[in-house]
Amino acid sequence: MIAAQKSTPALQVVSSEGLAEWLQLQQLSLAFTTYQTNRLFCVGTTLAGRLALHERLFDKPMGLFAEGDRLYMSSRYQVWQFDNLLEKGEMHQECDRLYAPKTAHTTGDLNVHDVVKTAAGELLFVNTDFSCLARISDRYSFEPVWQPPFITKLVAEDRCHLNGLALRDGEPAFMTACSSTDQAAGWRNHRCDGGVVLNVQSNEIVASGLSMPHSPRWYQGKLWLLNAGSGDFGYVDFEKGQFVPVAFCPGFVRGLTFWKNFAFVGLSKLRSRPFIGLTLEERLAEKGEAAKCGLSVIDLNTGAVVHQLTLEGVVEELFDVVVLPGVRQPQALGFQSDEIERLVTFPGAAGLVMTKPTVKRPGVGAAAPIAGIPMEAVLEKQTANTMPQKTPNLASLKFQQVHHLTASNLVEYDHFTFPSLQQRWLKQPQQGELFGISAVVEGNMVGFAIAEKSPDRSAEILSLFVAPEYRQLGIGTRLVAYLEKESQKADCTQMSVTYLPTELTAVGLEPLLNKLNWPAPIFSVEGTGKAYKVFVKPQLSVAK
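Counting restarts for each chain: residues are numbered from 1 in the order of the written sequence. Side-chain atom pairs in this predicted model are given and counted only at pLDDT of 80 or more, local residue features only at pLDDT of at least 70, and totals for whole chains, interfaces and linings cover all residues. With hydrogens and water excluded, all non-hydrogen atoms of the structure serve as input to the side-chain values.

Remarks on the overall build of the protein
For the protein, the helix and strand inventory stands at eight helices and 35 strands. The buried share among the 544 residues of the protein stands at 53%. In the protein, the proportion of contacts linking residues at least 24 apart, taken out of those at least 6 apart, comes to 59%. Put simply, the protein shows about 25600 Å² of open surface, and 50% of that area lies on carbon and sulfur atoms. The helix count covers DSSP runs of H or I at least four residues long, the strand count covers runs of E at least two residues long, and both are numbered beginning at the N terminus. Note on classification: 1.4 Å probe, protein chains only; a residue is buried when its accessible area is under 20% of the maximum for its type, exposed when over 50%, partly exposed between these limits. Contacts: residue pairs with any heavy atoms within 4.5 Å of one another. Only the protein chains shown count as cover for residues, with accessible areas throughout obtained via the Shrake-Rupley method and a probe of 1.4 Å.

So this is what it looks like as structure tokens:
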């Protein structure tokens, strides 16, 4: 695939002068997650007083919560519990805290954001796809605990992008959402000023007009949060119902924790196309700065940045951060080295026991996949093996909205795009926000349509693909019809499709567009002399 031909940029870490000494003076270390590169990072100091950065791979790690000797972390379809394996005063390869994945609650892919543990010991998480606060369940994928008053149905549509949870006195108190919308992915059209803060106890909106708020935290008698779309760290003035900025951070701010009179704020580079038009972009342009990825340590009394940790290269975004008091150098066990096999604890062992290296054991068949390791490609080119060879049964045919699409995560699905989007983006970079519709039969994707919404409120169909066994059954027509509906919801004024005429498009695409009442095509001649057909369907009625 195209992605395999690209070299991965190396990770570069730059810290402000004196950060290592400051961490030692405060007697603390940090941990943070980045789902963009599937990493859990631990930041501490060595015995020699230098900064120590340790990383382990997990599949889409996001929310992070620290409690004593334990960490909780949400991932793609699980919530993990990590326990410290080291006794007080014990060290392993210089680290004084070694987190091992002990328990995983399988939730399914809910797009879990913040995760917390209440004073009563209950594990709660923000179920973003279903727009609710949820608890871990022994029987179900989740049990809903609370939902915003404007959400009328629990359905996997990410209606308001509910994302953050603040505990007060150990109980759920406040939550953040990017909008108060009640339709599928409705928040995407309200990113600049639709954000709200919700009081869980009273079901009231206590602050509004925010831009993609994240990471609410109750600390020192105030509700602090990050107004990600403007790059501001601040707090909520409940009397005025307003957000009060304290410090501007040059990045998309997400991930917040505290220690004494200091705040630790996570910064991410802008995912440029999906986040076009944010105030943060304008502010950075005025200052002549580029968005940064890393951590800022902010003095609560002055709003000044006292220390920074900047990440360059492969890591471009952070999600959550926690403080680890009394820990000098933390590390975690992952699933890609044999440490998790060889490090053993048991009563009376007086510490960790390292077993002998394992030999290759006999087994039948190929090795099983290992939990927690990101898949290089979710979908390989194995259509012939997964598609039925008999007449298709459409009884279970479903059409689903696909959100959060980027040029990067579509690499895995390039064999389900026509024409190839990866080939397109080599010549013409992504210009706007992507949205798609998939067709699924018995759990297998059989069709995929993708469109791009440009800043001028026009939409273009970039790709339409239906598996060969499922063609001439009306699936492509319904995919395009659903794309039209999604573009209407996004207030697009027109939709277009441009392609080079072939025998396949004459048989498969043009009759489809005619059936949906698209006007006659316009021929466009490219500089190479190729004549493309351009279909434009103007004046789409806006669905309210």
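Once the structure has been displayed, the description carries forward.
Some details on the sheet that holds strand β20 (residues 242-248)
A pair of strands is considered paired only if DSSP assigns at least 2 bridges between the two. Read from one edge to the other, the open sheet built from four strands follows the order β17-β18-β19-β20, with strand pairing classed as antiparallel. Two strands in the sheet have a free side with no partner beyond their single neighbour: β17 (213-219) and β20. Across the sheet, the mean angle separating the axes of adjacent strands is 30 degrees when strand polarity is ignored. Bridging between strand β18 (residues 222-227) and strand β19 (residues 232-237) involves four bridges; their strand directions are antiparallel. Across the sheet, the residue bridging to L226 is F233, located in β19. Axis definition: a line fitted to C-alpha atoms, limited for helices to the stretch in contact. Angles are taken between N-to-C directions and run from 0 to 180 degrees.

What about empty space enclosed by the protein?
Only protein atoms enter the 1 Å grid, on which a cavity is a set of points fitting a 1.4 Å probe that cannot get out and a pocket is an open set with protein on both sides within 12 Å along at least 5 of 7 lines, lining residues being those with an atom within 4 Å of a point. Grid points are joined across faces, edges and corners, and a volume is the space filled by probe spheres set on the points. The final tally for this structure, using the stated rule, is four cavities of 30 Å³ or more. The calculated volume of the largest cavity comes to roughly 60 Å³. Along its surface, the largest cavity is lined by L19, L30, V43, F264, L295, V297, H307, Q308 and L309. Within the residue set of the lining of the largest cavity, elements represented by two or more residues are β23 (294-299) and β24 (305-312). In terms of residue count, the dominant contributor to the lining of the largest cavity is β24 (three residues). Three classes are used, and their members are as follows: Ala, Val, Leu, Ile, Met, Phe, Trp, Tyr, Cys and Pro are nonpolar, Asp, Glu, Lys and Arg are charged, and the others, Gly among them, are polar. Of the residues belonging to the lining of the largest cavity, the class tally is seven nonpolar, two polar and no charged.

Notes on unusual backbone geometry
Following F418, the chain continues into P419 via a peptide bond in cis, with omega recorded as -5 degrees. Looking at where P419 falls in the secondary structure, it is placed in the loop between β29 (398-405) and α5 (421-427). Residues other than glycine seldom take positive phi values, yet N38 does so here, at roughly 60 degrees. The residue N38 is located in the loop between β2 (28-34) and β3 (39-45) in this model.

Quick notes on the pattern of salt bridges
Think of a salt bridge as a Lys or Arg side-chain nitrogen and an Asp or Glu carboxyl oxygen that are within 4 Å of each other. In total, this model carries 20 salt bridges according to the counting rule given. The partner of R159 in a salt bridge is D182, and the shortest N-O contact between them spans 2.9 Å. Remark: D182 occurs in the loop between β14 (171-177) and β15 (195-199) and R159 occurs in the loop between β12 (143-146) and β13 (162-168); sequence separation between them is 23 residues. On the basis of relative accessibility, which here comes to 9%, the residue R159 falls in the buried class. A salt bridge links E317 to R254, with the nearest nitrogen and oxygen atoms 2.9 Å apart. Placement of E317 in the loop between β24 and β25 (321-325) and of R254 in strand β21 (residues 252-259) is noted, with a sequence separation of 63 residues between them. Here E317 and R254 have matching classes, each one buried.

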